[in-house]
Amino acid sequence: MTNPAEHRQYVRTDFLAAQHDADSLPGWVFKPVQFSQGPAGLVLNMSDGGLQVLTSATEPLDDARYEVVLLLGRADADTDDEQVSWFNGIVERKWSRPVPRMGILHGMCFVARNSTAEQFLAGHKAALESGQWVRCVLLKVAS
């Protein structure tokens with residue numbers, strides 16, 4: 001059986017800072033977000049209408065839909081203030097697979113196109129490809 005993660009309908013843009021190397025992940029990537037009960041994640045790449053998010057192996061995603069809220073900035077600053085962008089969108093989890101020593105990778109698609117999160121990621125591809133980290137938090141959505 002083939003891996004569903006490899007069935008792509010659109011070209012994928014990888015973000016260089018988030019390569020599949022456990023040693024390159026800073027300690028603050030999966031730091032809990034103070035305003036939320038949802039798991040923190042790291043956006044690894046995007047394609048037309050979708051994205052892949054890496055979460056901690058200790059916080060598997062069980063629901064089909066989530067609200068993704070982008071967090072722009074580092075969580076290891078001297079203050080505990082999280083730089084929340086409020087770029088968000090509703091995503092549907094299509095697949096999940098473990099990535100050894102790193103966490104769990106999730107393939108997601110945006111439920112409604114042109115959300116603020118999708119617009120931000122598409123509009124800042126150059127910065128993201130050159131190494132800017134984009135953390136996120138995944139909030140449960142009522143069915």
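Labelled according to an unreviewed UniProt entry, the chain appears under the name PilZ domain-containing protein, originating from Pelomonas caseinilytica.

Peer 1: Sorry, what's going on with the overall build of the chain here?
Peer 2: Along its length, the chain carries 2 helices and 7 strands. The secondary structure elements of the chain, listed N-terminal to C-terminal, are β-β-β-β-β-β-α-α-β. A burial count over the chain gives 43% of its 143 residues as buried. Within the chain, counting contacts between residues at least 6 apart in sequence, those at least 24 apart form 70% of the total. As presented, the chain carries roughly 7,700 Å² of accessible surface, and 50% of it is formed by carbon and sulfur atoms.

Peer 1: What exactly am I supposed to notice about unusual backbone geometry here?
Peer 2: Phi is mostly negative for residues that are not glycine, and the peptide bonds are mostly trans. In this structure, R101 is a non-glycine residue whose phi angle is positive, near 65°. By the secondary structure assignment, R101 is in the loop between β5 (84–99) and β6 (103–110). Judged by its relative accessible area of 67%, R101 falls in the exposed class. Residue N114 is not a glycine yet carries a positive backbone phi of 65°. With respect to the element layout, N114 can be found in the loop between β6 and α1 (116–123).

Peer 1: Before we go on, may I ask you to explain the pattern of salt bridges in this structure?
Peer 2: Should the charged atoms of two oppositely charged side chains come close, the side chains can pair. Applying the stated criterion to the full structure yields 5 salt bridges. Taking the shortest distance from any N to any O, the salt bridge between R113 and D48 comes out at 2.6 Å. Taken together, the positions of R113 in the loop between β6 and α1 and D48 in the loop between β2 (40–47) and β3 (50–55) put the pair 65 residues apart, joining distant regions of the chain. Of the residues examined, D48 reaches a relative accessible area of 38% and is grouped as partly exposed. Between R113 and E118 there is a salt bridge, with the nearest N and O atoms lying 2.7 Å from each other. The class of E118 is buried, set by a relative accessible area of 5%. Within the structure, one salt-bridge network assembled from shared partners comprises D48, R113 and E118.

Peer 1: Looking at this structure, how should I read the packing of aromatic side chains?
Peer 2: Each aromatic ring pair is summarised here by two numbers: the centre-to-centre distance and the angle between the ring planes. Under the criterion given, the structure shown has 1 aromatic pair. Centroid distance F87 to F120: 4.8 Å. Interplanar angle 20°. Geometry classified as stacked. With F87 in strand β5 and F120 in helix α1, this pair connects stretches of sequence that are 33 residues apart. By relative accessible area, F120 is classed as buried at 8%.

Peer 1: Explain the nonpolar core to me, please; I cannot follow it from the model alone.
Peer 2: One recurring pattern in soluble globular proteins is that nonpolar side chains are buried together. Core analysis: the biggest nonpolar cluster contains 19 residues, and V43, L51, V68, L70 and L121 have the highest contact counts within it. Contributing elements (two or more residues each) for this core: β2, β3, β4 (65–71), β6, α1 and β7 (135–140). By size, the runner-up hydrophobic cluster in this structure holds 7 residues, among which are L44, L54, W95 and V99.

Peer 1: I'm lost on the pairing of β4 in this one. Help?
Peer 2: The side chains of a regular strand alternate between the sheet's two faces. Counted residue by residue, β4 has 5 buried out of 7 residues, so it is predominantly covered. Bridge count for β4 against β7 is 6 bridges, and the pairing is antiparallel. Each residue of the ladder has a partner; that of Y66, found in β7, is K140.

Peer 1: Whenever I open this one, the environment of Q119 confuses me. Can you help?
Peer 2: Structurally, Q119 can be placed in helix α1. Judged by relative accessible area, which is 46%, Q119 ranks as partly exposed. In this structure, the C-alpha to C-alpha distance between Q119 and N88, residues 31 residues apart in sequence, is 9.5 Å. Separated by 2.7 Å, the side chain of Q119 and the backbone oxygen of N114 make a polar contact.

About the thresholds
Residues numbered from 1 in each chain as written. Predicted model: local features only at pLDDT ≥ 70, side-chain atom pairs only at ≥ 80, totals over all residues. Heavy atoms only, no water. Helix = DSSP H or I, 4+ residues; strand = E, 2+ residues; numbered from the N terminus. Buried < 20%, exposed > 50% of the residue type's maximum accessible area, 1.4 Å probe, protein only. Contact = heavy atoms within 4.5 Å. Areas by Shrake-Rupley, 256 points an atom, 1.4 Å probe, with all protein chains shown as cover. Salt bridge = Lys/Arg side-chain N within 4 Å of Asp/Glu carboxyl O. Phe/Tyr/Trp six-rings, centres within 6.5 Å; stacked < 30°, edge-to-face > 60°. Core = buried A, V, L, I, M, F, W, Y, C linked by side-chain atoms within 4.5 Å. Pairing = 2+ DSSP bridges. Polar contact = N/O pair within 3.5 Å; in protein donor to acceptor, adjacent residues only side chain to side chain.

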